[in-house]
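Below, each chain spelled out in residue letters.
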Amino acid sequence: MSEEKKSLTLPAFEEAYEDVKKVTLETKLIYSDYWSAATGCKVYLKPENLQRTGAYKVRGAYYKISTMSEEERDKGLITASAGNHAQGVAYAAKSYGVKATIVMPTSTPLIKVNRTKALGAEVILHGDVYDEACEHALKLADEHGYTFVHPFDDLDVATGQGTIAMEIIKELPTVDMILVPIGGGGLATGVGTLAKLLNPKIKVIGVEPAGANCMQESLKNGKVTTLPTVNTIADGTAVKTPGEKIFPYIQQNIDDIIAVPDEDLVVSFLDMVENHKMVVENSGLLSVAALKQLDVKNKRIVCVLSGGNMDIITMSSVVQQGLIMRNRIFTVSVLLPDKPGQLAAVADVIAKTGGNVIKLEHNQFVSINRSAAVELRITLEAFGSEHKDQILKTLEEHNYKPRIVRTII
């Protein structure tokens, strides 16, 4: 294979752009009234969560496989992935009629495991994080002679991912800024490099989870750096070590890195569901969660939503936590005399303020003198912080002395 094919050149991107059309859906930009109003910019979403495999990864996987020799494909493919690259490789391998083996961390959401199996791939669960799964996949590749398809540290894979930038710029030539999630860096490499080739004035911002900011640390140190641990709900970007081969492209083409705390991903999930009726996984939400950290106005910004593969249990947990963080669910403790009618009186006060009781806990042992005080913990639904404050104020006015306690639904 020629060196030109192995480099991130405009001809290679153009070839990949035409090639990936065979397996991708058209993900037109969506203008976001909600985030535009919140930022004072024109914010557009690139919904790669709507791809057939639920993520952008099929682009790089398919293009990579298209560059292989028949001999390389016939050996069988193997990769390691937290889920989205797994489905991309499985889908691409199925398109070419070749065998695929996928090693996934044991913490991978069930939906990603099942969908990968449904595409015909053999799935092996190994390790707690991506890096451990990758080490095992490389070992198996060596033992069985499989062709390894790296999820991010591969120039052909990055070229395939970069087709997203081609689509963005064709649809919105006046784009000022592109925000792109970073795990190992393949997506950011492809998008950043092609964006700069087409228009050097476009700012490309990489976004990582604060608990897995391996690229941010690597750029700070001027060399690829391995984090001692990763801790984030964004499982698709929970990477300890970014790619060696792609790192120089990140240094050259990424203008800045933003690190997003998990709490911002939680509320962004809620915002996305309520305002755009779309399910986007935590890693895919990094780009919109980073908007609050930008200090710009009147810019045209595209946020890449990299994936939407989220299992129902995780989704339920994130929604609940989001409601708690937005003060739409909260728990309050009040002390009452242990005599008939007290519960009805408190409930009446809450009802008049428009609060909705969803759970009650009655503790008679908070005081030695039960006739003096028993504790009532009330979990409530509210419309937000202002309404919550109104409920608390009204309870205070009725001498219930409300105390906020940790909410567990």
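Rules used throughout
- Residues numbered from 1 in each chain as written.
- Predicted model: local features only at pLDDT ≥ 70, side-chain atom pairs only at ≥ 80, totals over all residues.
- Heavy atoms only, no water.
- Helix = DSSP H or I, 4+ residues; strand = E, 2+ residues; numbered from the N terminus.
- Buried < 20%, exposed > 50% of the residue type's maximum accessible area, 1.4 Å probe, protein only.
- Contact = heavy atoms within 4.5 Å.
- Salt bridge = Lys/Arg side-chain N within 4 Å of Asp/Glu carboxyl O.
- Phe/Tyr/Trp six-rings, centres within 6.5 Å; stacked < 30°, edge-to-face > 60°.

Visitor: Sorry, what's going on with the environment of Y44 here?
Guide: Tracing the sequence through the fold places Y44 in strand β2 (residues 42-47). Judged by its relative accessible area of 17%, Y44 is buried. Measuring from C-alpha to C-alpha, the distance between Y44 and V123 comes to 36 Å, with 79 residues separating the pair along the chain. Beyond its immediate chain neighbours, meaning those up to four positions away, Y44 contacts L29, I30, Y31, L172, I301, V302 and C303.

Visitor: Looking at this structure, how should I read the pattern of salt bridges?
Guide: Opposite charge on two side chains permits them to pair, given that their charged atoms come into close proximity. For the coordinates displayed, the defined rule picks out 18 salt bridges. K21 is paired through a salt bridge with E18; the nearest N and O atoms lie 3.5 Å apart. For E18, a relative accessible area of 47% gives the class partly exposed. E48 is the partner of R59 in a salt bridge, and the nearest nitrogen-oxygen pair spans 2.8 Å. Remark: E48 occurs in the loop between β2 and α4 (58-67) and R59 occurs in helix α4; sequence separation between them is 11 residues. Residue classification places R59 among the buried residues on the basis of a relative accessible area of 0%. Linked by salt bridges that have partners in common, K46, E48, R59 and E167 make up one network.

Visitor: Just checking my understanding: could you explain the packing of aromatic side chains for this structure?
Guide: The relative placement of two aromatic rings is captured by the distance of their centres and the angle of their planes. Evaluation of the coordinates by the stated rule reveals four aromatic pairs. Each ring, one from Y62 and one from Y96, has its centre 5.4 Å from the other, and the planes form 40 degrees; the classification is tilted. In this pair, Y62 sits in helix α4 while Y96 sits in helix α6 (residues 84-96), placing the two residues 34 residues apart along the sequence. You can call Y62 buried: its relative accessible area is 7%. According to the relative accessible area criterion, Y96 is partly exposed, its value standing at 29%.

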